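# Remarks on the overall topology
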Amino acid sequence: FSDFIINQLDFQSTIIDQDVYRRKSYYQDANGNTVPYYELLLVYVDDVLLVSKDPDSVMKKIGETFRLKEGFNKPTAYLGAETFQHVNNDGTESWALGSGKYVKNVVQQVKDMLEKEGRPLKTPGSKTKREQVGPMHPNYKPELDPLGCRQARKIS
């Protein structure tokens, strides 16, 4: 896929991240001026995110050679993060990534892991009466831990 991006789409891989590609492009502003900008193509395994003033032309070319599972449209998520459009004060549009869905999923995973160990988290409004309110073992005393925060421990 990388060869296709470089040789067929004429994008160049960035030095800092080999899975982020860019190419110089142009668009016409409201005054008819030709304005240069860089299109970005982010690739992670089978997820592709394209930042461009004209994404359809690039995505159609990709679709001619590769099968796009769900076709292509404005993105709603990328690598587990929500994507959404934002209108700036000057009327221009920007894209942003949100982490709410990702964080909610991680918290649920921690809750599930702790429940398997018989240590469910006490949540607001919970009727479960317990002394433990956090994920650490109730007998753990961080102030007595000789390693403190200096060394991470494997969670199994």
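The text that follows walks through the structure, step by step, so that each part is easy to find. (Residues numbered from 1 in each chain as written. Predicted model: local features only at pLDDT ≥ 70, side-chain atom pairs only at ≥ 80, totals over all residues. Heavy atoms only, no water.)

## Topic: the nonpolar core
Side chains of nonpolar character tend, in soluble globular proteins, to be buried together. What counts is decided by this rule: To qualify as a nonpolar core, a set must consist of buried Ala, Val, Leu, Ile, Met, Phe, Trp, Tyr and Cys residues joined through side-chain atoms within 4.5 Å. Whether a residue is buried, partly exposed or exposed follows from its accessible area with a 1.4 Å probe, protein chains only, as a fraction of its type maximum: under 20%, in between, or over 50%, in that order. Each helix is a run of H or I in the DSSP string that is no shorter than four residues. Each strand is a run of E no shorter than two, and both are numbered from the N terminus. Whether two residues touch is decided by their heavy atoms; if any such pair falls within 4.5 Å, the residues are in contact.
Membership of the largest hydrophobic core is limited to 11 residues, which are Phe4, Ile5, Leu9, Phe11, Tyr21, Leu41, Val43, Leu50, Val58, Met59 and Ile62. Looking at this core, the elements that each hand over two or more residues are helix H1 (2-7), strand E3 (34-44) and helix H2 (55-65). Per element, the largest residue contribution to this core is three residues, and it comes from H2. When near neighbours in sequence (up to four residues on either side) are disregarded, Ile62 contacts Phe1, Phe4, Leu9 and Leu68.

## Some words on the layout of surface pockets
Convention followed: Cavities and pockets were defined on a 1 Å grid built from protein atoms only: a cavity is a group of points that admits a 1.4 Å probe but offers it no way out, a pocket is an open group of points flanked by protein on both sides within 12 Å along at least five of seven lines, and a lining residue is one with an atom within 4 Å of any such point. Grid points are joined across faces, edges and corners, and a volume is the space filled by probe spheres set on the points. For this scheme, ten residues count as nonpolar: Ala, Val, Leu, Ile, Met, Phe, Trp, Tyr, Cys and Pro. Four count as charged, namely Asp, Glu, Lys and Arg, and the remainder, Gly too, count as polar.
Taken as a whole, the largest pocket spans an internal volume of roughly 1,300 Å³. Lining the largest pocket are 38 residues, with Val48, Leu49, Leu50, Asn73 and Pro75 sitting closest to its centre. Of the residues that constitute the lining of the largest pocket, the class distribution is 22 nonpolar, seven polar and nine charged.

## Structural notes on helix H3 (residues 100-116)
Rules: To estimate how far a helix should extend, the number of its residues minus one is multiplied by 1.5 Å.
The terminal C-alpha atoms of H3 lie 25 Å apart, and with 17 residues this matches the ideal 24 Å at 1.5 Å per residue to within 8%. One or two positions beyond H3, positive phi appears at Gly118, with a value near 80°.

## What to know about the sheet that holds strand E1 (residues 12-13)
Just so we agree on the cut-off: If DSSP finds at least two bridges between two strands, the strands pair.
In spatial order, the strands read E1-E2-E3-E4; together these four strands make up an open sheet with antiparallel pairing. The sheet is open, and its two edges are formed by E1 and strand E4 (47-51), each paired on a single side. Pairing between E3 and E4: five bridges, direction antiparallel. Residue Leu40 lies in a different strand from E4, and its bridge partner there is Val51.

## Some words on the pairing of strand E2 (residues 20-28)
Sheet topology places E1 next to E2; two bridges connect them, and they run antiparallel. Looking at E2, one finds that Gln12 is bridged to Arg22. If you look at the hairpin formed by E1 and E2, you'll find six residues sitting between the two strands. Bridging between E2 and E3 involves nine bridges; their strand directions are antiparallel. Note that in E3 the partner of Lys24 across the bridge is Tyr38. Counting the residues in the hairpin turn of E2 and E3 gives five residues, including Gly32, whose phi is positive at 85°.

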